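Structural features, examined
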Amino acid sequence: MRFYTYETMETEHICVSFDGGKHLYFLSDLGFHFKDMNQLIEEIRKDQMEQLKNISHNLSDFPEADISSMKLCSPIIHPKQDIICLGINYREHAVEAGNFSQEAFGGERTYMTYFSKRIYRASAHGDPIPSYPSLVDSLDYEAELAVIIGRDCKGASKANAVDYIFGYSIMNDVSARNLQTRHKQWLLGKSLDGFAPMGPCIVTPDELGDVQNLPIRCKVNGDIRQNSNTKYMIQDVAGAIEELSAAMTLKAGTIIATGTPAGVGMGMNPPCFLQHGDVVTCEIEGIGKLTNIVD
């Protein structure tokens, strides 16, 4: 299944699709009432998810959602906690990052780098990426697989990590490289308002299949910049959940951004950062495309 969030007059409407997004249905029309995606993720039961799957076999009884006057939003508009990010989680990206700044990104990494991305409102497919011209001189893109935790998770193992996953989405971990490297840690350079586009939907694990074998790409103005596969992650999704949940409780609704492959702007020779009007499309096979234009 795929879950989408639409908005009218600051009221959220959750839609579900059973055919890859071709047809949408309001959850409320199917008899499921949640005020927003956060509540859905936190409160929906396994038996209700099974009921939804059963409904998909008899959709002729239900009207399709009329979204013509609605705005597509990030599936989780207001995450309740900061996003947990994996840094340098693809080996080729580690090389290009070190070439850009040995001080900030170089050196041996025996253990994974985790950092947080402050967020108030997640941007949607189609929303602008603010460029902050007076503050940022090196605006960059990072296509990433986002993992959404579905129930409180503490002490998970790699073997059962998938049991805690509600679904997956696409995130563009937009980065201000000058701020990221200037401050010696990454919070500020990653956390400007508008730097967390996510979407267009959340895809449940049963529909997506093998999460560690998904082509992942990013295009800027139609030119392919990133072209890789999630199988090249250093730390896979299950391993990240195991390591993180050994130390902290991952609450339902937690978003984990799993790192980006090589091909970011700072990795080009010379570096090629985003400019006003650039169209950035992040794509993961099985989930869809997330497109935003630099403002």
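Right above here is the structure, for reference.
Residues numbered from 1 in each chain as written. Predicted model: local features only at pLDDT ≥ 70, side-chain atom pairs only at ≥ 80, totals over all residues. Heavy atoms only, no water.

So, about the overall build of the protein. Looking only at helices and strands, the protein has eight helices and 17 strands in total. Against the 2.2 N^0.38 benchmark of 19 Å for 295 residues, the protein shows a C-alpha radius of gyration of 19 Å, consistent with a compact globule. Classification of the 295 residues of the protein by burial places 56% in the buried group. For the protein, restricting intrachain contacts to residue pairs at least 6 apart in sequence, the fraction spanning at least 24 positions comes to 74%. The average position of the 26 basic charges and that of the 38 acidic charges among the side chains of the protein differ by 4 Å. (Helix = DSSP H or I, 4+ residues; strand = E, 2+ residues; numbered from the N terminus. Rg over C-alpha atoms; globule rule 2.2 N^0.38 Å. Buried < 20%, exposed > 50% of the residue type's maximum accessible area, 1.4 Å probe, protein only. Contact = heavy atoms within 4.5 Å. Lys, Arg positive; Asp, Glu negative; His and termini not counted. Charge placed at Lys NZ, Arg CZ, Asp CG, Glu CD.)

As a further point, take the layout of surface pockets. Unoccupied space between atoms shows up once a probe the size of one water molecule is rolled over them. Estimates place the volume of the largest pocket at around 500 Å³. Along the walls of the largest pocket sit 20 residues, with Lys 46, Met 49, Asp 163, Ile 165 and Phe 166 positioned nearest its centre. Contributing elements (two or more residues each) for the lining of the largest pocket: helix H1 (37-43), helix H2 (46-55), strand S10 (165-172) and helix H7 (205-208). Among the elements that take part in the lining of the largest pocket, H2 stands out by supplying four residues, more than any other. A volume near 230 Å³ is recorded for the second largest pocket. In terms of lining residues, the second largest pocket is bounded by 14 residues, among which Ile 88, Arg 109, Tyr 111, Met 112 and Ile 234 are the most central. Here the lining of the second largest pocket takes three residues from helix H3 (residues 91-100), the largest share from any one element. (1 Å grid on protein atoms, 1.4 Å probe; cavity = no way out; pocket = protein on both sides within 12 Å on 5 of 7 lines; lining within 4 Å. Points joined across faces, edges and corners; volume = space filled by probe spheres on them.)

A word on the packing of aromatic side chains. The final tally for this structure, using the stated rule, is four aromatic pairs. When the ring of Phe 3 is compared with that of Phe 166, the centres are 5.5 Å apart and the planes differ by 35°; the resulting orientation is tilted. Of this pair, Phe 3 sits in strand S1 (residues 2-8) while Phe 166 sits in strand S10, and the two are 163 residues apart along the sequence. The exposure class assigned to Phe 166 is buried, which follows from its relative accessible area of 7%. Judged by centre distance (5.1 Å) and plane angle (75°), the ring pair of Phe 115 and Trp 186 falls under edge-to-face. Taken as a pair, Phe 115 in strand S6 (residues 113-117) and Trp 186 in the loop between helix H5 (177-182) and helix H6 (187-190) lie far apart in primary sequence, 71 residues in all. With relative accessibility at 12%, the residue Phe 115 sits in the buried group. Accessibility expressed as a relative area gives 12% for Trp 186, which makes it buried. Positioned over the ring face of Tyr 164 is Arg 151, at 4.1 Å from the centre of the ring. (Phe/Tyr/Trp six-rings, centres within 6.5 Å; stacked < 30°, edge-to-face > 60°. Lys NZ or Arg CZ within 6 Å of the ring centre and 35° of its normal.)

Here we take up empty space enclosed by the protein. With the rule as written, the count across this model stands at one cavity of 30 Å³ or more. The volume enclosed by the largest cavity comes to roughly 80 Å³. Lining the largest cavity are 16 residues, with Ile 88, His 93, Glu 142, Trp 186 and Lys 190 sitting closest to its centre. Grouping the constituent residues of the lining of the largest cavity by class yields six nonpolar, five polar and five charged. (Nonpolar A, V, L, I, M, F, W, Y, C, P; charged D, E, K, R; others polar.)

One finds Phe 3, Leu 27, Leu 40, Leu 145, Phe 166, Ile 241 and Ile 256 to be the most contacted residues of the largest nonpolar core, which totals 94 residues. If we skip the residues at most four places from it in the chain, Ile 241 touches Ile 149, Cys 153, Ala 156, Ala 161, Ile 165, Leu 250 and Ile 256. (Core = buried A, V, L, I, M, F, W, Y, C linked by side-chain atoms within 4.5 Å.)

Counting buried positions along strand S2 (residues 11-17) gives five out of seven residues, so the element sits mostly inside the fold. The pairing of S1 with S2 spans seven bridges and is classified as antiparallel. Among the inter-strand pairings, Phe 3 is bridged to a residue of S2, identified as Val 16. The loop that links S1 with its antiparallel partner S2 comprises two residues; one of these, Met 9, has a positive phi angle of about 50°. The pairing of S2 with strand S3 (residues 25-26) spans two bridges and is classified as antiparallel. (Pairing = 2+ DSSP bridges.)

On to the pairing of strand S17 (residues 288-294). By the bridge criterion, two bridges tie strand S7 (residues 128-129) to S17 in an arrangement that is parallel. Bridge pairing in S17 places Ile 129 opposite Val 294. Across six bridges, the pairing between strand S16 (residues 279-284) and S17 is antiparallel. Of the residues in S17, the one forming a bridge with Glu 283 is Lys 289. The hairpin formed by S16 and S17 contains three residues between the paired strands, and Gly 286 there has a positive phi angle of roughly 95°.

So, on to the sheet that holds S16. The five strands are arranged S7-S17-S16-S13-S14 in an open sheet whose pairing can be described as mixed. Edge positions in the sheet fall to S7 and strand S14 (223-229), since each has one partner strand and no second.

Interpretation note: all reported values are geometric properties and have no functional meaning in isolation.
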